Every structure is written in C-alpha cells, then in structure tokens.
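# Descriptive structure summary
Spelled out, the chains give:
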Amino acid sequence: MLSFNDALSTVLGHVARLEPARVPLAEAVGLVLAEDVVSDVDMPPFNKSAMDGYAVMAADLARVPCILRVVEEVPAGTLPKRRLRPGECARVMTGAPVPKGADTVVRQEDTAPGLSGDEVRILKEVPHGSNVCLKAEDVACGDVVLKAGRVVGPLDVPVLAACGCVNVPAFRRPAVAVLSTGNEVVPPDERPAGGQIRDANAPYVAARLRLLGVEPRVLGVAPDAPKRLRAALARGMDCDALVVSGGVSTGDYDLVPAMLRDLGAELFFESVAMQPGRPTVFGRCGDAAVFGLPGNPVSVLVATELFVVPALKAMMGYAQVHPPRRRARLLQAAKHRPGRLAHLPAAMSEEADGWAVRPLPYHGSAHIHALIGANCLIVLPPDVAEVAAGVCVEVVQLPGNP
Ligand code: AMP
Ligand code: MG
C-alpha cells in the first residue's frame, strides 16, 4: 500500500500553481502576491503635522515663553498659502501640511492665547522637528512595500490601500466543488428517516475551504446510482478541484472510482497506508484535481487537512502548504491498531512546561463526537501500538478550534 508520504508527494506533484489575476483589495486577504507591490505615492506625501497646534520655526523658540503671530490656519486637506517668516506661526491641525519655513509643531496644550486674536503664546521649549512627520519618511514613491510571494494578511490591507493597490496582483483562488455521496445521506436540513444519516461532510469541507478564503461550489448529495452519481461528479469537473466524500471503498455501492474513470479521470492512487483515510482516492480529470474521501467524518477531516488543503494552497502559490506540526507531551497513553500511520483526534494545550496533548475518546473514523474538543491530531507511526503518558509525540495542529 502507498505510504502517506508517497501519497502526499503524488498529490503535490499533480497540482500546479494557478495563474495570477488582479483581485479586488477587499478579496485579497489569504492570497499570495504574484508581483512586488510598489507605492505610487510618498507617505506622508508632505511634511505633516502630527498634532493639533502651531507650526513654528524652532529658532523662534530660543527663549520661552514667547509670542508668535498667527498668519494662517491650515486644516487637514488644505495647502498652506505662504512661507513662514521669523516671528510667525501657522495654526495647524493633525494631518495638515506644515507651511514652508516651519520645522516644528508646538502642541495646542503647550500654548496659551496671546493678547490679540492673531497672537499665540508658546509656553514650553520644544525640540527642533517635534511633531512633524517628514515627507516620504514612512514610504517613498517607488518603494517596494510588499514582496511577491507574500501571503496577504489583514495588516497588509491598509498598506495596499494607501499605495493605491486596489487590484492586487495575486495568484487566483481555485474553484472547488464539494459533493457528498451515499443513498443513506440526506442534507443536514432534513430529518433522517429510517436508515438515513445527515450529511456531515460537505458542510465540513465547505467550512474548511472558507477558512482558506475559497468559496466552495456545494453540489449537494448524490445517490449511489451510476447515472445520477456520474452526472453529479461531472458537474464538478469544470472546477480546479472536486472533493467528493463516500463511495470510494470496496462495497457493492462504492461507485465513485469507477464513475470517475468513466468520466475520463486518471486515478493516481486509491488507497493509502493510513488510518483513518485508507481508501482515499486522488486523480485528475481534465483540469480538475479530484479527491475521493472515505465517507466517515473523521476520515474526511484527516484527508482534507493533510491532502486537500495542501493541494489547494499549492494551487494558490503558498510556499508553506502543510499544516503546522509540533511535538507535545502525552498527558495520557495513546493507542492504535498498528499497521498504518495513525492520526488520532486530540486536544493540545500550552502548559507551564511546554505543549501537552490529550487523546480524546475515539473508537474509529465514524466517531463524530471525537471532533468536539479536538484541536489537533496525534501522529502515531505504523509500527507503534502504544505510546505511554509523558512521552513526546508529533501532533498536527488543526485550524480554527482553540
Ligand atoms: P462510504 O465511504 O460511502 O463507505 O461511507 C462510510 C461511512 O461514512 C458510512 O457509514 C456512511 O454512512 C458514512 N458517510 C458517508 N457519507 C457521509 C456524510 N456525507 N456524512 C456523514 N457520514 C457519511
Ligand atoms: Mg457510501
């Protein structure tokens, strides 16, 4: 059977980075920049007052208190009309350009009204250059502010906006179709009748994709009936990826691999030496990468996190595609049936002496209750049946759950 690592290499070897696009700034968080972003302006664009107060020539403040003549008022958004001369000052507001000749701003709080309306009394000594942000001291026109390859984060948005980069050059998001299959599976808004269960998988995969910023095309539930299943699968083939759950193992009604082949897919593997997730299928059909995940919800979680998300991140141009892993000390023994690489739902926490992890009660991939409280997966090697409490193990961090 194919090892997990070989399966992962196969997946990543068969997906390519998608083409760059211009993405509206409001939709750019989570995407990878395809080009350097350069500022088209100086920031600040002029010598700017950082305070409400008076723009002065520092040389006039050699002795304080002193009186200066107020020659104009400059609110933010306007330009000063004239250059200051010795003995003069301008009333300025935060964000306003300081007039030529001025080199310092005295805060309002450090002044008092003069004797007449056009005079102000400066009460305090203020060092030269105080409260003035110099033109281009932050960013100069032509500076690279964000480099190609960077994943756009929320803090990059004000930078991009200030630089006028409203259509962000980034590798585009994949279009991803999500399909659940099974005669027994009904949409979650229906009450299951005899023999039926609700679809837990498509809502999960869709939610996970949204965390990645990918809006899924949810295709609903297809029955284990060749014609209808084939038609449903075909609807996902014009996407960049199709994630289908159920119907991939060896039961009489597990028709997904055959239907995928019938549609022209090339399947690169149909089982992986891992538990859960053994019957995971991966292939390509035209431009679509196709993932067939075993129907049990914990299998879907594991295969989505370890195969689907890394593949989608590779399509999006991420340099780092794998979920974060760390080592943590077992608070309780972890066991599994040896033979395949295991991923066990668990809860990790940061304790005074480092990261610790507790395996959750788990009796197999259908055990949806094990997902409550899980925030990671404990990795147990194929040849290890049990690891004792106190020993450090590898864990794969899951996103979203505290
Ligand atoms: P399969 O992979 O089709 O053999 O399904 C394995 C198990 O997962 C069966 O018990 C199915 O009822 C269950 N299952 C399949 N699809 C879903 C789903 N969308 N939501 C919850 N359970 C499912
Ligand atoms: Mg089934």
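So, here is what we can say about the structure in this document. (Residues numbered from 1 in each chain as written. Chains lettered and ligands numbered in written order. Predicted model: local features only at pLDDT ≥ 70, side-chain atom pairs only at ≥ 80, totals over all residues. Heavy atoms only, no water.)

### Topic: the sheet that holds strand 17 (residues 241–245)
Pairing is mixed in the open sheet, where six strands are placed in the order 16-13-17-21-20-18. A strand with exactly one partner marks an edge of an open sheet, and here the two such strands are strand 16 (217–222) and strand 18 (266–269). Here the average twist between neighbouring strands, direction ignored, is 20°. Taken together, the five bridges between strand 20 (residues 281–285) and strand 21 (residues 288–293) define a ladder with antiparallel strand orientation. Paired with Val-281 across the two strands is Gly-292, which belongs to strand 21. Together, strand 18, strand 20 and strand 21 form the strand contacts of helix 1 (residues 4–13), whose direction differs from that of strand 18 by roughly 145°. Against the sheet, helix 3 (residues 201–211) contacts strand 13 (176–181), strand 16 and strand 17, and its axis sits at roughly 160° relative to strand 13. (Pairing = 2+ DSSP bridges. Helix = DSSP H or I, 4+ residues; strand = E, 2+ residues; numbered from the N terminus. Axes fitted to C-alpha atoms, helices over the stretch in contact; angles between N-to-C directions. Contact = heavy atoms within 4.5 Å.)

### Examining the site of ligand 1
Ligand 1 sits among 15 residues. The nearest are Glu-184, Asp-199, Ala-200, Gly-247 and Gly-295. A distance of 2.8 Å separates an oxygen atom of ligand 1 from a polar backbone atom of Gly-247. At 2.8 Å, a backbone N or O of Gly-295 approaches an oxygen atom of ligand 1. Computed on the free molecule, ligand 1 has an accessible area of 480 Å², of which 77% lies beneath the protein chains in the complex. Counting residues per element, the ones that place at least two in the shell around ligand 1 are strand 13 and strand 15 (197–198). Of the residues that constitute the shell around ligand 1, the class distribution is four nonpolar, seven polar and four charged. (Near = heavy atom within 4 Å. Polar contact = N/O pair within 3.5 Å; in protein donor to acceptor, adjacent residues only side chain to side chain. Areas by Shrake-Rupley, 256 points an atom, 1.4 Å probe, with all protein chains shown as cover. Nonpolar A, V, L, I, M, F, W, Y, C, P; charged D, E, K, R; others polar.)

Take it as geometry only, folks, not as evidence of what the structure does.
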